[in-house]
Amino acid sequence: MSKLKVYYGWARIGNVRKKRSLSVMFENEIQGCRSDRGQRCLRTIQDTVFERYQTEAEEKEGRKQNRIFTEYSLLLDERPINGSLERCLLINGEADRNHVSKAMRDKITEALRQAFMKENRGYKEPNGQLSLNFE
């Protein structure tokens, strides 16, 4: 089992970030990430909703990086998501498919959905083209 973590959350909007996005932060090394400075940096970047430990393959990739965190984000109001929370969560779940079990992906998705709806009470899914999912 890996000792490095993955943090899922919603990016904080401020002077640097102007658009809503789903933020996934991967630790690359324990010392800097778990220090007070590293955790303070994480709190300024995103509102963390869910944490999990990285798989061995994810950890191997992280060790090659020269930063303490690696971020992947999905912009909510850009293509291909176009403001759809469900599409955003689906794309994130598909990205985790090779590393995370179905039950864990469902927990992550539900935690992200609840946090988003808590912050955006008036949110309604945009009317768009119907898409079918075949699993």
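Data block above holds the structure.
The rules behind the values
Residues numbered from 1 in each chain as written. Predicted model: local features only at pLDDT ≥ 70, side-chain atom pairs only at ≥ 80, totals over all residues. Heavy atoms only, no water. Core = buried A, V, L, I, M, F, W, Y, C linked by side-chain atoms within 4.5 Å. Buried < 20%, exposed > 50% of the residue type's maximum accessible area, 1.4 Å probe, protein only. Helix = DSSP H or I, 4+ residues; strand = E, 2+ residues; numbered from the N terminus. Contact = heavy atoms within 4.5 Å.

Notes on the nonpolar core
Counting residues in each nonpolar core, the largest one holds 18 residues, and the members touching the most others are Tyr-8, Trp-10, Leu-85, Cys-88, Ile-108, Leu-112 and Phe-116. Elements that contribute at least two residues to this core include exactly strand 1 (5-11), strand 2 (21-27), helix 4 (85-95) and helix 5 (102-119). Take this core: its biggest share by element is 4 residues, from helix 5. Ignoring sequence-local partners within four residues, the contact set of Phe-116 consists of Trp-10, Arg-20, Leu-76, Leu-85 and Tyr-123. Listed in part, the 6 residues of the second largest apolar core include Tyr-7, Met-25, Cys-33 and Phe-69.

Some thoughts on unusual backbone geometry
In this structure, Pro-80 follows Arg-79 across a cis peptide bond, with omega equal to 0°. Positioned with a positive phi, Asn-82 is a non-glycine residue whose angle comes to about 50°. With respect to the helices and strands, Asn-82 occurs in the loop between strand 4 (69-75) and helix 4. Judged by relative accessible area, Asn-82 falls into the partly exposed class, the value being 45%.

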